[in-house]
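Each chain, written out:
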Amino acid sequence: MEITLQVNGTRRTVEVDPRVSLLDLLRERLGLTGSKKGCDHGQCGACTVLIDGRRANACLALAVAQDGSDITTVEGLADGDRPHPLQAAFIEHDAFQCGYCTPGQLCSAAGMLAEGGPSAITDDLATDPALTAEEVRERMSGNLCRCGAYPNIVTAIVEVAR
Amino acid sequence: MNRIEGHDKVTGRATYAAEYPVEGVTYAYPVQAEIARGRITSIDAAGALAMPGVLTVLSSEDPPELAPDADPELGLFQRREVAYRGQIVAAVVADTYENARAAARAVRVTYQEDPHDVRLRSDHPGLYRPEKVNPFYPADTEKGDVAAGLAAAAFTVDVTYTTPAMHNNPMEPHATLAVWSGDGDLTVYDATQGVSTARDMIAKTLGLPAERVRVVCRHVGGGFGAKGTIRPGTMLAVLAARAAGRPVKVALTRQQLFDVTGYRTPTIQRLRLGADADGRLTAVDHEVAEQSSTLIEFAEQTATPARTMYETPALRTAHRLVRLDVASPSWMRAPGECPGMYALESAMDELAIAVGMDPVELRVLNDPEVEPAGGRPFSSRNLVACLLEGARRFGWEGRDPTPGVRRQGRWLIGTGVASSTYPALRRPSQATATVENGGYVVRVAAVDLGTGARTALTRIAATTLGVPPEQVRVELGDSDLPAAPLAGGSMGTASWGSAVVAACEEALRDGKHGAADTTDAIKAQEDLARHSFGAQFARVRVDMDTGEVRVSHLLGIFAAGRIIDEKLARSQFVGGMTMGLGMALMEATVTDEEFGGFSNHDLAQYHVPVCADIERIDAAWIEEDDRHLNPMGAKGIGEIGIVGTAAAIGNAVYHATGIRVRDLPITPARLLA
Ligand code: FES
Ligand code: FES
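Residues numbered from 1 in each chain as written. Chains lettered and ligands numbered in written order. Predicted model: local features only at pLDDT ≥ 70, side-chain atom pairs only at ≥ 80, totals over all residues. Heavy atoms only, no water.

**As for the overall build of chain B**
We apply this condition: Put simply, DSSP marks the helices as runs of H or I at least four residues long and the strands as runs of E at least two long, and each gets a number from the N terminus on. Values of the radius of gyration come from C-alpha atoms, whereas the globule rule sets the reference at 2.2 Å times the count of residues to the power 0.38. Accessible area is worked out with a 1.4 Å probe on protein chains only. A residue is then buried under 20% of its type maximum, exposed over 50%, and partly exposed in between. Throughout, a contact is declared for two residues whenever any of their heavy atoms are within 4.5 Å. Here the open area of atoms and residues is found with the Shrake-Rupley method and a 1.4 Å probe, where only the protein chains shown may cover a residue.
Tallying secondary structure elements over chain B gives 16 helices and 27 strands in all. In terms of C-alpha radius of gyration, chain B reaches 25 Å, essentially the compact-globule figure of 26 Å for 673 residues. For the C-alpha atoms alone, the extent of chain B along its principal axes is close to 75 × 70 × 50 Å. Within chain B, buried positions represent 65% of all 673 residues. In chain B, once contacts between residues fewer than 6 apart in sequence are set aside, the share between residues at least 24 apart is 81%. When the accessible surface of chain B is summed, it comes to about 23,100 Å², and 48% of that surface belongs to carbon and sulfur atoms.

So, in structure tokens, the structure goes:
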């Protein structure tokens, strides 16, 4: 099937097998290997990208269902040569070790910062709570990091959220 | 300092094994055994071969040619016997991943099934004493009279702890891209912890000279031991590429990882401790039962830390192994020390309670002058300093040992302590340093699996050369570089760094180039007991209505020689402690006794810590000046962080609740039982 989608600001028209996930489309066919595959089952967050500005697991999205959508991957976060503030903060705070979860953490954090609203641990559901370390930990728990860089990830995100 | 490859990693430019762009790449997908033990009677590939895009099917119907002495795990498709459920018995190569996966399901394997035995128990009749335990330790040691020491003791503890099978679960699943050239040379992009080791193992399995094989690994998404040596997936890519005459990519799924890439053996550990009226140990006996597969003998060195930790006139350590119809276990972060210290340090806590002594004091009192089992002097030993500094920072003084009495709302609060230790060894390595374009290029076949090796080696070279780090470029991750040992056993930086220092010193003398090989220097070093030590403190809260345990604070103080880079070191320690928290509270792979294999094999059912589980972790270290290690004065730090964490948390849970859970993980169900 032929689909057209916008990837990191570029229009791409591709012929895809209906079984192909968005993640495999990016990694195996479009040469965008920044998005990682950690589980292929929506359990780790390594594949997180932004679909129309919202964070989503690319391994759980079928490519054919993305016709017309606007995808941002880690390769598209920076503004040309200027790194996204999250990217700079991750480097500065050593928010990764092996780096394999990092693209997902970054896209997830970028999506999360734009979300607002209460989370499962917010006391007052009517408010838009401040992004404290505790709120960030809760909202970022869909992104596993086996290297255990969590404290630094939280520090980096909280700094950018301010 | 910030990681040298940091920019590449945050922009998605860092290339991992499955990501090298290779013209004409194809995909192999494994077919796994559906029985735990028996014989393959036939493999029918006709249906698979007729499916779209399929290039070939590999199986024992037509065994690929390998070296006759190939390791039985790596020598794929050579035998008809099935050793464990999940073993790779066939594979399909196709033009796309989707086609390979679909066709793999169409391969019909029929078996003659035999009854299996997959359950580790301490009275298993098959338990035996292995020749040695990993990597080269005696299986048993005995000094003094343990029975007499226990009989004479004023206080004794006789307890059995168990730890379940655990899986490393690096975030990057094992992946390999194999490319054969027209003249029979092989290039392998592999997710591995050691390119020289991987090259040698691949060449040996194929029966090829090592120079015909090149292994490249610029970035690897964690390993924690699971990528220490090559696993069957690597050989699958190599053999499939040879059979298909095309480059082949194998990216194992998370589920497949559980079956074919190794795991930490479950253990059953009996600890008998005796102490006199003052708390001085009179006897220590540590006996371990653990498992391996029928294919290989993998004997984890679980009781070895007891040989190092505490002064006692009578000390016995013993390992017993049983070969079951299970997947082959392998290395997982601090193999041996990690499960062994969980049991020893939990038992020490129980002894402190029996004696009526503070657990920090008990450990300080029993700190030895020389290594308890062998009598060798220590190159340096600062466990006591770690315990005291940790106690000071944590606010340990004045702790009321009474369990189950501190309450905050619905939470019961408790604190616990445990010691950490890990050997500080080195392996021979080569390296070169060359003046190029006004700076230096350092070459060594090291691998950076997230440890920060690239950055640490840059700093080591820059310090030796007396230049700023920007003037040094370190090349690693390629077996064509000067041969180096794998990143494992916390030996990477010490081994590679020694060679880098020597090469840089020679380059300074020469003005152009230096080359080093540390084999002789390591052979010539003094016979000393070299170990890192540490102390870990935990504060937990337990909801006794739900059994939920939350770790409010973890503090680790380590004595690991000179710390080469503070930022990287802190990340390593914290990462190890995080995995230790997982071990304490959630990590367990459950053996499927009915069908063999593991019942849980994905990240929805094998839980690792998530961001919300980590409230506060602090890691710090004490200055240690040890001249008997290596030119950097550094001890490895990759593993010690996980050693002792689970015991500290378990001890804190006891302090909070008065419930001693002796089987990991400490789940709500076990606390409420
Ligand atoms: S790869 Fe998509 S969530 Fe793990
Ligand atoms: S940095 Fe390795 S998994 Fe997060």
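After that view of the structure, there is still more to cover.
**Remarks on the domain arrangement of chain A**
Residues and elements named next belong to chain A. This is how the line gets drawn: Note: domain ranges come from an automatic or database domain assignment. Computed with a 1.4 Å rolling probe, the buried area is the accessible surface lost when two parts are put together, summed over both parts. Salt bridges are identified by distance alone: a Lys or Arg side-chain nitrogen within 4 Å of an Asp or Glu carboxyl oxygen.
Along its sequence, chain A is carved into domain 1 (2-76) and domain 2 (85-161). For domain 1 versus domain 2, the separation of C-alpha centres amounts to 21 Å. Taken together, the contacts link 16 residues of domain 1 with 16 residues of domain 2. When domain 1 packs against domain 2, the two sides together hide about 1,200 Å² of surface, and 55% of this comes from carbon and sulfur. Broken down residue by residue, the surface that domain 1 buries against domain 2 is led by Lys36, Arg55 and Val74, which jointly contribute 48%. The tally of links from domain 1 across to domain 2 stands at 1 salt bridge.

**Things to note about the layout of surface pockets**
Residue and element names in this part refer to chain B. For clarity, the threshold we go by: A pocket, in this scheme, is an open set of points on a 1 Å grid over the protein atoms alone with protein on both sides within 12 Å along at least 5 of 7 lines, while a cavity is a set where a 1.4 Å probe fits but cannot get out; residues line either one if an atom lies within 4 Å of a point. Grid points are joined across faces, edges and corners, and a volume is the space filled by probe spheres set on the points. Just so you know the grouping, Ala, Val, Leu, Ile, Met, Phe, Trp, Tyr, Cys and Pro go in nonpolar, Asp, Glu, Lys and Arg go in charged, and all remaining residues, Gly too, go in polar.
Taken as a whole, the second largest pocket holds about 680 Å³ of empty space. Every element with two or more residues in the lining of the second largest pocket is listed here: strand S1 (26-32), helix H3 (97-104), strand S6 (108-113) and helix H7 (254-260). For the lining of the second largest pocket, the element with the most residues is S1, which contributes 4 residues. Class assignment of the residues belonging to the lining of the second largest pocket gives a composition of 11 nonpolar, 8 polar and 7 charged.

**Quick look at the sheet that holds strand S4 (residues 54-57) of chain A**
Two orientations exist for strands paired in a sheet by backbone hydrogen bonds: parallel and antiparallel. Residues and elements named next belong to chain A. What counts here: DSSP bridges decide pairing: two strands pair if at least two such bridges lie between them. Lines are fitted to the C-alpha atoms to define the axes, a helix being fitted only along its stretch in contact, and any angle between axes, read from their N-to-C directions, falls within 0 to 180 degrees.
Spatially, S2-S1-S5-S3-S4 is the arrangement adopted by the 5 strands of the open sheet, whose pairing is mixed. Strand pairing shows two members of the sheet lacking a second neighbour, strand S2 (10-15) and S4, which therefore form its edges. On average, each strand axis in the sheet is inclined to that of its neighbour by 40 degrees, with strand direction left out of account. Relative to strand S5 (residues 70-72), strand S1 (residues 2-7) runs parallel, the two sharing 2 bridges. When the sheet's bridge partners are listed, Val7 is paired in S5 with Ile71. Those strands touched by helix H1 (residues 22-29) are S1, S2, strand S3 (48-51) and S5, and its axis lies near 80 degrees from that of S1. Lying on the sheet, helix H3 (residues 102-115) is in contact with S3, S4 and S5; it crosses S3 at an angle near 40 degrees.

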